[in-house]
Amino acid sequence: MTREIRDKLLHISGERQTKSDPSHDIHHVTRVMNLAERIAKSVHADLDVVIAAACFHDVVVYQKNSPQSKNETDESAALAETLLQSIEEYPSEKIPLVQEAIRQCSYSKGIIPDLLEAKVLQDADRLEATGAISIMRTFSSGGQMNQQFYRPEDPFCEKGEPVAHGSGLDLFYRRLLLVEQGMHTDYAKKLAKPRTSFLHSFLDELRLELKESGIIE
């Protein structure tokens, strides 16, 4: 893929991307695209497919507690087709592969991709769901839903299962601490390991501060 097409795809994504959700804005897309490009090169995946899919994987976004959230990947894939068809330089025969990569990227649907480019995209997107960036994204998204930072009765999910949309910390135990286990490529596994370790360090510090504040014993 040429630099010109790459920049054009990112520009179109920026025009379409949400301006009201920092956890899914164009900066998220840019990070995912850059990670996906590096991962793709490590496994010799098709960059035309990977970069386009990364640019448009979140072009339709709903608040995470919305019933419409489950439709995000399908709607993003459909819009990606329309957008790519408008780009004369983009190879039209690869558009269905871009759509499939986007559809298979979903975390909430528990999809295990069979398309190499989808594995690359899923790895890149999931790297955004662990480490320091994931903490910022988690509490940004939680704030939009008026979600509490933690449930005072069970901040670290030690008395029961983590609750869907229960708190920011619940998402740590439902997703952030688990994504490392689902990485497909060696490149992503290497990056995910220290990011997951950082999450544990964050939780250790938070536990100490909550003890000092008298919230937990």
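Now for a look at the structure at hand. Because the structure is a prediction, the values reported are computed rather than measured. (Residues numbered from 1 in each chain as written. Predicted model: local features only at pLDDT ≥ 70, side-chain atom pairs only at ≥ 80, totals over all residues. Heavy atoms only, no water.)

**Concerning a negative patch on the surface**
And step 1. Judged by side-chain charge, Asp204, Glu205, Glu209 and Glu212 come together as a negatively charged surface patch.
And step 2. Topologically, Asp204 is positioned in helix α9 (residues 186-212).
And step 3. Given a relative accessible area of 52%, Asp204 falls into the exposed group. (Patch = residues over 30% accessible without salt bridge, like charges linked within 9 Å, V, L, I, M, F, W, Y side chains within 5 Å. Areas by Shrake-Rupley, 256 points an atom, 1.4 Å probe, with all protein chains shown as cover. Salt bridge = Lys/Arg side-chain N within 4 Å of Asp/Glu carboxyl O. Lys, Arg positive; Asp, Glu negative; His and termini not counted. Charge placed at Lys NZ, Arg CZ, Asp CG, Glu CD. Helix = DSSP H or I, 4+ residues; strand = E, 2+ residues; numbered from the N terminus. Buried < 20%, exposed > 50% of the residue type's maximum accessible area, 1.4 Å probe, protein only.)

**Considering the packing of aromatic side chains**
And step 1. Per the stated rule, a full pass over the model turns up 3 aromatic pairs.
And step 2. Measuring from ring centre to ring centre gives 6.2 Å for Phe139 and Phe172, while their planes differ by 40 degrees; the resulting arrangement is tilted. Here Phe139, found in helix α7 (residues 131-144), pairs with Phe172, found in helix α8 (residues 168-176); they are 33 residues apart in sequence, far enough to count as distant.
And step 3. Classification of Phe139 as partly exposed rests on a relative accessible area of 22%.
And step 4. Aromatic pair Phe172 and Phe202: ring centres 5.7 Å apart, planes at 20 degrees, arrangement stacked. Taken together, the residues span a long stretch of sequence, with Phe172 in helix α8 and Phe202 in helix α9 at a distance of 30 residues.
And step 5. Residue classification places Phe202 among the partly exposed positions, given a relative accessible area of 25%.
And step 6. Of the aromatic side chains, those joined through ring pairs into one cluster are Phe139, Phe149, Phe172 and Phe202.
And step 7. In this structure, Arg207 packs its charged tip against the face of Phe156, placed 4.2 Å from the ring centre. (Phe/Tyr/Trp six-rings, centres within 6.5 Å; stacked < 30°, edge-to-face > 60°. Lys NZ or Arg CZ within 6 Å of the ring centre and 35° of its normal.)

No statement about biological role is implied by the geometric values presented.
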